[in-house]
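Here are the chains, one letter per residue:
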Amino acid sequence: AQSVAQPEDQVNVAEGNPLTVKCTYSVSGNPYLFWYVQYPNRGLQFLLKYITGDNLVKGSYGFEAEFNKSQTSFHLKRPSALVSDSALYFCAVRVRGDSWGKFQFGAGTQVVVTP
Amino acid sequence: SAVISQKPSRDICQRGTSLTIQCQVDSQVTMMFWYRQQPGQSLTLIATANQGSEATYESGFVIDKFPISRPNLTFSTLTVSNMSPEDSSIYLCSVEGFFGPGTRLTVL
């Protein structure tokens, strides 16, 4: 069974400092990993995904994520956080054997960026 | 990426009633997915809706409670039946890894 874990319920960071949101995964075979962001009273917005290729994935809004197979991690990063990055972030793994759309989500990490 | 719209965006309903949520996609897709996000929780898959066949439900979800229709390749509905306060959630439609804006349901 595929699963992802987000070990931090909340991450606090000052504006301008680096932001990292952690995600570890447990899958059989090669993982298909995703990051989404949810702003208050909004739906889920796709940030980036890792399917294959370069371990550093660049996504929307200046976010990137690093796939690390040996550590089974897929941490989301932003070199310089903005107050507008304050939101709920979800890591997800695509369930194998199904077409696009069937995901197992992590518990979510609330990011708070202070001015 | 697919453009996904949902109706209604939010609703407040009485216990024991039913609500049907609509999901419209701007392109034809084989599979559409319905997720539930309970307050303060992550997303959980309810069911997969295939055009021309019955929906496939995940463990813990049944057709009598969450009937789904998929009349064509761009549209699906999810009905939340005989609602109770525990059904208060955001319900999201998803296609190919992209999500609709969600329907925020409050049951009194």
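All of these numbers come straight from a predicted model, not from anything done at the bench.

1. A closer look at the packing of aromatic side chains
Next up, step 1: Applying the stated criterion to the full structure yields 19 aromatic pairs over all chains.
Next up, step 2: Pairing Tyr36(A) with Phe99(B) gives two aromatic rings, centres 5.3 Å apart and planes at 85°, and the pair type is edge-to-face. Here Phe99(B) lies in strand β10 (residues 98–99) and Tyr36(A) lies in strand β5 (residues 33–38), a pairing that spans two chains.
Next up, step 3: According to the relative accessible area criterion, Tyr36(A) is buried, its value standing at 0%.
Next up, step 4: In this structure Phe99(B) comes out as buried when scored by relative accessible area, which is 9%.
Next up, step 5: Note on Phe105(A) and Phe99(B): the rings are 5.8 Å apart at their centroids and 70° apart in plane angle, and the pair reads as edge-to-face. Pair noted here: Phe105(A) is in strand β11 (residues 103–105) and Phe99(B) is in strand β10, and the two residues belong to different chains.
Next up, step 6: Positioned above the aromatic ring of Phe63(A) is the side chain of Arg78(A), whose terminal nitrogen or guanidinium carbon lies 4.9 Å from the ring centre.

2. Observations concerning the state of the cysteines
Next up, step 1: Scanning the model with the defined rule gives two disulfides over all chains in all.
Next up, step 2: In this model, Cys23(A) is linked to Cys91(A) through a disulfide, with the two sulfur atoms separated by 2.0 Å. Classification of the bridge connecting Cys23(A) and Cys91(A) rests on its S-S torsion, roughly -60°, and on that basis the disulfide is left-handed. Residue Cys23(A) is located in the loop between β3 (19–21) and β4 (24–26), and its partner Cys91(A) is located in strand β10 (residues 87–94); the two are separated by 68 residues in the primary sequence. The residues Cys23(A) and Cys91(A) share a single accessibility class, namely buried.
Next up, step 3: One disulfide bridge connects Cys23(B) with Cys93(B), the sulfur atoms lying 1.9 Å from each other. Disulfide Cys23(B)-Cys93(B): torsion about the S-S bond near -70°, hence left-handed. Of this pair, Cys23(B) sits in strand β3 (residues 19–25) while Cys93(B) sits in strand β9 (residues 89–95), placing them 70 residues apart in sequence.

Cut-off values and rules
- Residues numbered from 1 in each chain as written.
- Chains lettered and ligands numbered in written order.
- Predicted model: local features only at pLDDT ≥ 70, side-chain atom pairs only at ≥ 80, totals over all residues.
- Heavy atoms only, no water.
- Phe/Tyr/Trp six-rings, centres within 6.5 Å; stacked < 30°, edge-to-face > 60°.
- Helix = DSSP H or I, 4+ residues; strand = E, 2+ residues; numbered from the N terminus.
- Buried < 20%, exposed > 50% of the residue type's maximum accessible area, 1.4 Å probe, protein only.
- Lys NZ or Arg CZ within 6 Å of the ring centre and 35° of its normal.
- Disulfide = S-S within 2.5 Å.

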